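The residues making up each chain are set out below.
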Amino acid sequence: MSAALEHRTFEESDLVFSHAIVLPALGRDYTALVHRALDGRRERVADSLAAFVTRAEPLAQAAGMIVTTLRSGGRVLVAGNGGSAAEAQHFAGELVGRFLMERRPYAAIALTVDSSILTAVGNDYGFDDVFARQVHALGRPGDVFVAFSTSGKSPNMLRAADAARECSMRTIAITGDLPNPLERLADVTVRCPSTHTPATQELQMMVTHILCEIVEAEMVASDGERQVVS
């Protein structure tokens, strides 16, 4: 590596990434790199939205399933690994807090946040059971399990989906674009139109916002609330 600068760029899928190690004294201007990253994402988002238009039905089914569950007093349990764990927490946060409207909180639980449960179950039973054990403990017939997984292959997500079925719950899988075993266990699968993990994670956030927007609007309409706050 040069003492002054190492700069490397490479392309993967439809994204362009850059990695640079720069001495502070050089004062490198990163604006061009930001523009390149933004241009790549602009094209990807446009392509993804076009793809989602052709696969709106799973999103509609997922939204309807969540609304039906919440209206009947049920819960939404959410889980994922890594970036998908963060998205699971984001999803639950939007339902318990609020998305665009002032309204009552909705019952959503992220299974990724209790370190004592995760480490106890992981230590005593193994990491493959960290979500399934919680689904068995918290899930009730008619509840919904939302499974975020870019690959759809994670053993702990597959076991959690199995547990949801054993509890007479329904499962919504939000995955990448490749066929995967999780979708075979799910009642509805929303495939994000990408096979590249970072892009899929960005699209998972889009799915979260679409679902939360629809669910919130439907719930507010049925509850008779109508205060828009943002």
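The structure displayed is predicted, hence computed values, not measured ones.

Trainee: What is the right way to look at the packing of helix α1 (residues 31–53) against helix α8 (residues 197–223) in this model?
Mentor: To describe two helices that pack against each other, one gives the angle between their axes and the distance between the axes. Across the interface, α1 lies against α8 with an axial gap of 12 Å and an inter-helix angle of 55°. Between α1 and α8, the crossing angle belongs to the class labelled oblique. Seen along the crossing, α1 lies across α8 with a hand that is right-handed. Across the interface between the two elements, Arg41, Arg44, Val45, Ser48, Leu49 and Phe52 of α1 pack against Ala199, Glu202, Leu203, Met206 and Val207 of α8. Among the residues making up the contact of α1 with α8, the classes are represented as seven nonpolar, one polar and three charged.

Trainee: I tried to follow the packing of aromatic side chains on my own but got confused; where do I start?
Mentor: To describe a pair of aromatic rings, you give the distance between the ring centres and the angle between the ring planes. Scanning the model with the defined rule gives one aromatic pair in all. Ring plane angle 65° and centroid distance 5.9 Å describe the contact between Phe91 and Phe148, whose orientation is recorded as edge-to-face. You can see Phe91 sitting in helix α3 (residues 83–96) and its partner Phe148 sitting in strand β6 (residues 144–148), a full 57 residues away along the chain. One exposure class covers both Phe91 and Phe148, and it is buried.

Trainee: I would appreciate a short explanation of the confidence of the model for the protein in the present structure.
Mentor: Do not read the fine detail of predicted coordinates wherever pLDDT is low. Residues with a pLDDT of 70 or more make up 86% of the protein, whose mean pLDDT is 88. For the stretch residues 1–23, pLDDT sits under 50, and the model shows 41 contacts to residues farther than four places along the chain or on other chains.

Trainee: Quick question: what am I supposed to make of the pairing of β6 here?
Mentor: Each regular strand carries side chains that alternate between the two faces of the sheet. Most of β6 sits out of view: five of its five residues are buried. Residues of β6 alternate between two faces, with Val144, Val146 and Phe148 on one and Phe145 and Ala147 on the opposite face, all of them buried. Where strand β3 (residues 76–79) lies against β6, four bridges are found, and the strand directions are parallel. Counted as the bridge partner of Ala79 is Ala147 from β6. In this view, the connection linking β6 to its parallel neighbour strand β7 (residues 170–175) by way of helix α6 (residues 155–166) has right-handed handedness.

Trainee: Is there a simple way to explain the packing of α3 against α8 in this structure?
Mentor: One can describe the packing of α3 onto α8 by two numbers: an axis separation of 10 Å at closest approach and a directional angle of 15°. Between α3 and α8, the angle is such that the two are roughly parallel. You can see that α3 and α8 cross each other, and the crossing is right-handed. For the pair α3 and α8, the contacting residues are Gly83, Ser84, Glu87, His90, Phe91, Glu94 and Leu95 in the first and Gln201, Gln204, Met205, Thr208, His209, Leu211, Cys212 and Val215 in the second. Considered class by class, the residues forming the contact of α3 with α8 number six nonpolar, seven polar and two charged.

Trainee: Hey, could you run me through the sheet that holds strand β5 (residues 108–110) in this one?
Mentor: Pairing between the strands of a sheet comes from backbone hydrogen bonds, and it takes one of two forms, parallel or antiparallel. Spatially, the five strands line up as an open sheet ordered β5-β3-β6-β7-β8, and their pairing is parallel. Pairing within the sheet leaves two strands with one partner each, and these edge strands are β5 and β8 (188–191). Sheet twist, expressed as the mean angle between neighbouring strand axes with direction ignored, is 15°. Here three bridges tie β3 to β5, and the two strands are oriented parallel to one another. Across the sheet, Val78 pairs through a bridge with Ala110, a residue of β5. Of the strands in this sheet, β3, β5 and β6 touch α3, which is tilted by about 155° from β5.

Trainee: Looking at this structure, I do not really get the nonpolar core. What am I missing?
Mentor: Judged by nonpolar contacts, the single largest core of 34 residues is most densely connected at Val76, Phe91, Val146, Ile172, Ile174, Val207 and Leu211. When residues of this core are traced back to their parent elements, those giving at least two are α2 (56–71), β3, α3, β5, β6, β7, β8 and α8. With residues up to four places along the chain from it excluded, the contact list for Ile174 reads Val146, Ala147, Phe148, Ser149, Val190, Cys192, Gln204, Val207 and Leu211.

Trainee: Please explain a nonpolar patch on the surface as it appears in this structure.
Mentor: Residues Tyr30, Val34 and Leu38 make up a contiguous nonpolar surface patch of roughly 270 Å² in combined accessible area. You can see Val34 is positioned in helix α1.

Criteria and thresholds
Residues numbered from 1 in each chain as written. Predicted model: local features only at pLDDT ≥ 70, side-chain atom pairs only at ≥ 80, totals over all residues. Heavy atoms only, no water. Axes fitted to C-alpha atoms, helices over the stretch in contact; angles between N-to-C directions. Helix = DSSP H or I, 4+ residues; strand = E, 2+ residues; numbered from the N terminus. Parallel < 35°, antiparallel > 145°, perpendicular 65-115°, else oblique. Left-handed = near helix turned anticlockwise from the far one by under 90°. Contact = heavy atoms within 4.5 Å. Nonpolar A, V, L, I, M, F, W, Y, C, P; charged D, E, K, R; others polar. Phe/Tyr/Trp six-rings, centres within 6.5 Å; stacked < 30°, edge-to-face > 60°. Buried < 20%, exposed > 50% of the residue type's maximum accessible area, 1.4 Å probe, protein only. pLDDT = per-residue confidence, 0-100. Pairing = 2+ DSSP bridges. Right-handed = clockwise from strand over helix to strand, strands pointing away. Core = buried A, V, L, I, M, F, W, Y, C linked by side-chain atoms within 4.5 Å. Patch = residues over 30% accessible without salt bridge, like charges linked within 9 Å, V, L, I, M, F, W, Y side chains within 5 Å. Areas by Shrake-Rupley, 256 points an atom, 1.4 Å probe, with all protein chains shown as cover. Salt bridge = Lys/Arg side-chain N within 4 Å of Asp/Glu carboxyl O.

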